[in-house]
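In case you want the letters, here they are:
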Amino acid sequence: MEQDFNNFNELNAMYGNASIVNNQRVVFNIKVNEYGLVVSINFRREACYTIWFGTHKAYEKIDVATIKYNLYL
């Protein structure tokens, strides 16, 4: 199912576990704190990029606002 969102409030209405960080970044809490997903969203261009995905334990060790996508991990 495809869904279009014009802003974070629309996204959050469907995905209540989403938290806005900054720099257009959003964090999703997946499976009740088992996993974290950090994405960069450009609502105007309708683009979403995965920045980071991992366990909650690993998530606690990163800085969500500054972590960079690493192609080689």
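The structure presented is a predicted model; accordingly, all values stated were derived computationally and were not measured.

Conventions used here
- Residues numbered from 1 in each chain as written.
- Predicted model: local features only at pLDDT ≥ 70, side-chain atom pairs only at ≥ 80, totals over all residues.
- Heavy atoms only, no water.
- Core = buried A, V, L, I, M, F, W, Y, C linked by side-chain atoms within 4.5 Å.
- Buried < 20%, exposed > 50% of the residue type's maximum accessible area, 1.4 Å probe, protein only.
- Helix = DSSP H or I, 4+ residues; strand = E, 2+ residues; numbered from the N terminus.
- Contact = heavy atoms within 4.5 Å.
- Phe/Tyr/Trp six-rings, centres within 6.5 Å; stacked < 30°, edge-to-face > 60°.
- Pairing = 2+ DSSP bridges.
- Axes fitted to C-alpha atoms, helices over the stretch in contact; angles between N-to-C directions.

Within the largest apolar cluster, nine residues are counted, these being Phe5, Phe8, Leu11, Ala18, Val26, Phe28, Leu37, Val39 and Ile41. The set of elements that each furnish at least two residues to this core consists of α1 (8–14), β2 (25–30) and β3 (35–42). Ranked by residues supplied to this core, first place goes to β3 with three residues. In contact with Val26, not counting residues within four places along its chain, are Phe8, Leu11, Ala18, Ser19, Ile20, Leu37, Val38, Val39 and Ile41.

Here we come to the packing of aromatic side chains. Here a ring pair, both rings aromatic, is described through the centre-centre distance and the interplanar angle of the planes. Here the structure, examined in full by the defined rule, presents four aromatic pairs. Judged by centre distance (6.2 Å) and plane angle (65°), the ring pair of Phe5 and Tyr15 falls under edge-to-face. Of this pair, Phe5 sits in the segment before α1 while Tyr15 is found in the loop between α1 and β1 (18–20), placing the two residues ten residues apart along the sequence. Given the relative accessible area of 36%, Tyr15 is considered partly exposed. Chaining the aromatic ring pairs together yields one cluster made of Phe5, Tyr15 and Phe28.

Sheet architecture is open: four strands sit in the order β1-β2-β3-β4, paired in antiparallel fashion. Since the sheet does not close on itself, it has two edges, and those belong to β1 and β4 (47–55), each with one partner. Taking each pair of neighbouring strands and ignoring which way they run, the sheet shows an average axis angle of 25°. Pairing between β3 and β4: eight bridges, direction antiparallel. In the strand pairing of β4, Ile41 is matched with Cys48.

With respect to the helices and strands, Trp52 occurs in strand β4. Between the alpha carbons of Trp52 and Asn7 there is a distance of 21 Å; along the sequence they are 45 residues apart. If we skip the residues at most four places from it in the chain, Trp52 touches Gly36, Leu37, Val38, Ala58, Tyr59, Ile62 and Ile67.

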